[in-house]
Amino acid sequence: MYILAAFQLLGGGGSSTTEYWIFNLLLFVVYFGIFPFLYEYLQLMRFQMQINGFLQQLSATITNGISQFLGAVNQVMAKDGSTVDSDKVKNELRNLMDLVVIDPTNIETEGLVRKLKYLINMYSDRLEGDVKRMMPNLDKPMVQNMTNAVEVLRNLNYIYKVVDHYYKLSSKYKSYYLLYQLTFMLPFLKEAVNALSGSITSFVKGQPIGDAAGPLTIYRFMNSSCQGKASMDSVVPDTYIGQCIYNQRKIYLVKAQGPGGTVGHLDDAVNYLLETINLKPRLVITIDAALKLEGEKTGTITDGLGVAMGGIGAEKFNIETTVSRHNIPLYAILIKMSEAEALNTMTKQIDDAVNSAVDRLRKIIDTYTSSGDEVLVIGVGNTIGVAQ
Amino acid sequence: MSFDAFVMSYSVAVSITVFAALVILLYYLVFNKSLMAKITGSAQPQHPQLIEFAVLKCPQCGFEKKRAFNIGDYVGKIDAEKCPHDGSQLVISAIAKETPKE
C-alpha cells in the first residue's frame, strides 16, 4: 500500500489505460512476489524466537540442576564433616553428562538383545562407580539416587545439544522447513524437559516418584495382604525376590531392591525363578506405571495382557522369552499417569491409585488362580524411596 | 468520485490502518511481557505450591499419622516415633506430595 501511495504521489495516478495496467502489474508483483516471501521470513523469525527461548530456558534448567546436585553433595559431605572440591565435582559431572553410549550394530541382529543388556548394565555400573568415586562417603542408596540425578542431567544435556544442533543448522541455511519441524516438536520436548527438570529434586531428596508405583504396590500387597513373608537375599543384584502366602496361594514377589533409586534386574530374577529353581506359576502378573493420554485421568487402573515394562526393551524381551517358553499367562496392571508425574515425587492421587492396584491384584489372583497355585508378581519401575 | 480519487483515498485509509495496527503490535511486543513470553515460548508454567508428606502407620493397630517429609525418609523405614495406642514403632507407609486443599 505504501508502494501504491508512493506510486500515486509520483504521478502514477493518471487515468490512462497504460498506467492502469502498470498499477495492476505492480499489485500482482507485490501480492505474489513479495508477500509470500515476507510471510515466510516473518514465520522463520517467529520460529527462531520460540526455539531460542526454549534453548535459553533449557540452559537455565541444566545450570539449576547442576547447582541442586552440588548443593546436595555439599549437604551430604557436611554431615560427615568432610568437604568436597566443587569445581572438581562440577568438571566430573560435566564429563558424565557428555558420556555417550554407543548403540550396538544392528546389521546382524543375532544376540542384539544380549548386547543391549550388556551395554545397559555396563552404563549403570560405570555411572554408579563414577558417582561413588566422586563422593566416597555416600551409602549405596544415596549413590543410586545421585546416579539417577546425573542420568537426568545427562538426558537434559542431550536434548539441549540436539535441539541446538538443528536450530543452528536451520539458521545457518535459513531452512524454513527444518525450523518448522523443530517447532512442531517443541510441545513434546517441553513436556519431556518439564518432567526431567522436576525429577532432579525428587532424586536428590530420595523421594518415591510416580514410576515407583509398581514397586510400591508390591510393598503394600506384601505388608497388608500376605502372611509368612520370606525373602531370597542376594540372588540377583539390586533385585528383591520375596515370597508369602495369600489366600492359600504361594505368591512370589519381585521388585527392584530399595530404597535406592534403581530398576533392578527383573528379567534375571524371572529367569532364576523359572529356570533355576523350576517354579511353575499359574500366572505372571506385572504391575507398572503407564503413560496416560491427555484425556485420561491420572491414577486410572487398567488391566492388560503381556509384560508391562518400559525402557529400551531388552528386559521385556527376556521376560517374554522365558515366560512364553513355559506357557504361562501374562497379566498386567497399569497405573496411568503423565510423563511428568512418572518422573516427579509421587502425588497423592497416584498414592491412592496404588491402593486400588493392590485391590485389583488381589482380585486377579482370587479370580484366575485356585488354592495351592503359585503366582509370580513383578513390580516394575524405579524403586526410589520404597523399601521392601 | 473519480477512479483516481477513490484509489487515493483507499490507499491512504489502508496505509493508516496498517500503520496503526503495527504501532499497537509493537507496543504489545515491547510492553506486554507475558505476550512476548508466549510468542518466544519462554513462558514458565505455573505450578501450585505442593506439600511433601510422609504417612506413619502402626503395623499392629493400623493407627496413621501424617507428618512433613524429612530427608532420609523412605517407605518401609521404621520411624523413631511410637504408636500412642500400643507403643509399637511406627513405619513409614507412604511418601507423597499434595496441594494444600487436598
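Residues numbered from 1 in each chain as written. Chains lettered and ligands numbered in written order. Predicted model: local features only at pLDDT ≥ 70, side-chain atom pairs only at ≥ 80, totals over all residues. Heavy atoms only, no water.

J.: Help me understand the packing of aromatic side chains, please; the structure alone is not making it clear to me.
T.: Pairs of aromatic rings are described using the distance from one ring centre to the other and the angle between the two planes. Applying the stated criterion across every chain, the model contains ten aromatic pairs over all chains. Considering the side-chain rings of Tyr176(A) and Tyr177(A), the 5.1 Å spacing of their centres and the 85° angle between planes classify their relative orientation as edge-to-face. Here Tyr176(A) falls in the buried class, since its relative accessible area comes to 9%. By relative accessible area, which is 55% here, Tyr177(A) ends up exposed. An aromatic cluster is present here, built from Phe47(A), Tyr176(A), Tyr177(A), Tyr180(A) and Phe184(A) joined pairwise through their rings. Over the face of the ring belonging to Phe53(B) we find Lys66(B), whose NZ or CZ atom lies 4.4 Å from the ring centre. (Phe/Tyr/Trp six-rings, centres within 6.5 Å; stacked < 30°, edge-to-face > 60°. Buried < 20%, exposed > 50% of the residue type's maximum accessible area, 1.4 Å probe, protein only. Lys NZ or Arg CZ within 6 Å of the ring centre and 35° of its normal.)

J.: Would you mind going over the packing of helix α4 (residues 112–134) of chain A against helix α9 (residues 314–325) of chain A with me for this structure?
T.: How two helices pack is summed up by the angle between their axes together with the distance between the axes. Residue and element names in this part refer to chain A. At a minimum axis separation of 9 Å, α4 and α9 run at an interaxial angle of 130°. Looking at the two axes, α4 sits oblique to α9. The interaxial crossing formed by α4 with α9 has left-handed handedness. Here Val113, Leu116, Lys117 and Ile120 of α4 lie close against α9, whose contacting residues are Ala314, Glu315, Phe317 and Asn318. (Axes fitted to C-alpha atoms, helices over the stretch in contact; angles between N-to-C directions. Helix = DSSP H or I, 4+ residues; strand = E, 2+ residues; numbered from the N terminus. Parallel < 35°, antiparallel > 145°, perpendicular 65-115°, else oblique. Left-handed = near helix turned anticlockwise from the far one by under 90°. Contact = heavy atoms within 4.5 Å.)

J.: Explain helix α6 (residues 176–205) of chain A here, please?
T.: Three or four residues apart is the spacing at which side chains of an α-helix point the same way, because the helix has 3.6 residues per turn. Taking 1.5 Å per residue, 30 residues should reach 44 Å; α6(A) reaches 44 Å between its end C-alpha atoms and fits that length. Of all bends in α6(A), the biggest is about 45°, found at Leu186(A), and the proline Pro187(A) comes one to four residues later. (Expected span 1.5 Å × (residues − 1). Bend = angle between axes of the 7 residues up to and from the residue.)

J.: Just to check I follow, could you spell out the sheet that holds strand β5 (residues 301–305) of chain A for this structure?
T.: Note on sheets: strands pair through backbone hydrogen bonds, and any given pair is parallel or antiparallel. Residue and element names in this part refer to chain A. Ordered by their spatial adjacency, seven strands build an open sheet running β1-β2-β3-β7-β4-β6-β5, and the pairing between neighbours is mixed. Each of the sheet's edge strands pairs with one partner strand only, and the pair in question is β1 (227–232) and β5. If you compare each strand with its neighbour and ignore which way they point, the axes differ by 20° on average. Summarising the sheet, β1 and strand β2 (residues 239–246) pair through four bridges and their orientation is antiparallel. Counterpart to Ala230 in the pairing with β2 is Gln243. (Pairing = 2+ DSSP bridges.)

J.: Any chance you could explain the nonpolar core here in plain terms?
T.: Soluble globular proteins: nonpolar side chains tend toward being buried together. All names here are of chain A. Ranked by internal contacts, the top residues of the largest apolar core, which has 48 residues, are Ile51, Phe69, Met135, Met146, Leu156 and Val163. For this core, the elements supplying multiple residues, two or more each, are α2 (17–80), α3 (86–97), α4, α5 (140–172) and α6. In terms of residue count, the dominant contributor to this core is α2 (14 residues). Leave out the neighbours within four places in its chain, and Ile51 touches Val163, Tyr167, Leu179, Leu182, Thr183 and Leu186. (Core = buried A, V, L, I, M, F, W, Y, C linked by side-chain atoms within 4.5 Å.)

J.: Sorry, what's going on with unusual backbone geometry here?
T.: Backbone phi values are negative for most residues with the exception of glycine, while trans is the configuration of most peptide bonds. Residue and element names in this part refer to chain A. In this model, Gly258 is joined to Pro259 through a cis peptide bond whose omega is 5°. Positionally, Pro259 belongs in the loop between β3 (249–256) and α8 (266–276). A positive phi angle, close to 60°, is found at Asp238, a residue other than glycine. For Asp238, the location among the structural elements is in the loop between β1 and β2. The backbone of Asn278 shows a phi angle near 50°, a positive value even though the residue is not glycine. Structurally, the position occupied by Asn278 is in the loop between α8 and β4 (283–291).

J.: Looking at this model, I keep getting lost on the state of the cysteines. Mind explaining?
T.: All chains considered together, the criterion is met by one disulfide over all chains. Here Cys226(A) is linked by a disulfide to Cys244(A), with a sulfur-sulfur distance of 2.1 Å. Note that Cys226(A) is positioned in the loop between α7 (213–224) and β1 and Cys244(A) in strand β2, a separation of 18 residues in sequence. On the accessibility criterion, Cys244(A) (1% relative accessible area) is buried. Unpaired in this structure, Cys61(B) has its nearest cysteine sulfur neighbour in Cys83(B), at a distance of 3.5 Å. (Disulfide = S-S within 2.5 Å.)

J.: What's the story with the sheet that holds strand β4 (residues 89–98) of chain B in this structure? I'm lost.
T.: Pairing is antiparallel in the open sheet, where four strands are placed in the order β2-β1-β4-β3 (chain B). Sheet topology places β2 (64–68) and β3 (78–82) of chain B at the edges, where each strand pairs with a single neighbour. Taken over all neighbouring pairs, the strand axes of this sheet differ in orientation by 45° on average, direction set aside. The pairing of strand β1 (residues 51–57) of chain B with β4(B) spans seven bridges and is classified as antiparallel. By the bridge assignment, Phe53(B) is partnered in β4(B) with Ala96(B). Against the sheet, helix α11 (residues 348–368) of chain A makes contact with β1 and β4 of chain B, and its axis sits at roughly 125° relative to β4(B), the strand it touches most.

J.: What is the right way to look at a nonpolar patch on the surface in this model?
T.: On the surface, Leu25(A), Phe28(A), Val29(A), Tyr31(A), Phe32(A), Ile34(A), Phe35(A), Leu38(A), Tyr41(A), Leu42(A) and Met45(A) cluster together into a nonpolar patch covering about 1,100 Å² of accessible area. Structurally, Val29(A) is set in helix α2. (Patch = residues over 30% accessible without salt bridge, like charges linked within 9 Å, V, L, I, M, F, W, Y side chains within 5 Å. Areas by Shrake-Rupley, 256 points an atom, 1.4 Å probe, with all protein chains shown as cover. Salt bridge = Lys/Arg side-chain N within 4 Å of Asp/Glu carboxyl O.)

J.: What is the right way to read the environment of Gly210(A) from this model?
T.: Residues and elements named next belong to chain A. If you trace the backbone, Gly210 turns up in the loop between α6 and α7. Residues Gly210 and Asp359, spaced 149 residues apart in sequence, show a C-alpha to C-alpha distance of 18 Å. If sequence neighbours within four positions are ignored, Gly210 has contacts with Ala289, Met337, Glu341, Ala342, Asn344, Met346 and Ile350.

J.: Hey, could you run me through the pattern of salt bridges in this one?
T.: Pairing between side chains becomes possible if they bear opposite charge and their charged atoms approach one another. Residue and element names in this part refer to chain A. Tallied over the full model, the rule gives 20 salt bridges over all chains. Where Asp268 meets Lys117, a salt bridge forms, and the shortest distance between an N and an O atom there is 3.9 Å. Of this pair, Asp268 sits in helix α8 while Lys117 sits in helix α4, placing them 151 residues apart in sequence. The exposure class assigned to Lys117 is buried, which follows from its relative accessible area of 10%. Notably, a salt bridge pairs Arg362 with Asp359, separated by 2.8 Å at the nearest N-O pair. Within this pair, Arg362 and its partner Asp359 are both found in helix α11, separated by three residues, close to a single helical turn. Judged by its relative accessible area of 24%, Arg362 falls in the partly exposed class. Take Asp359: its relative accessible area is 44%, and that puts it in the partly exposed class. Three or more residues are tied together by salt bridges with common partners; here these are Lys117, Asp267, Asp268 and Glu315.

Geometric descriptors of this kind do not, in isolation, establish any biological role.
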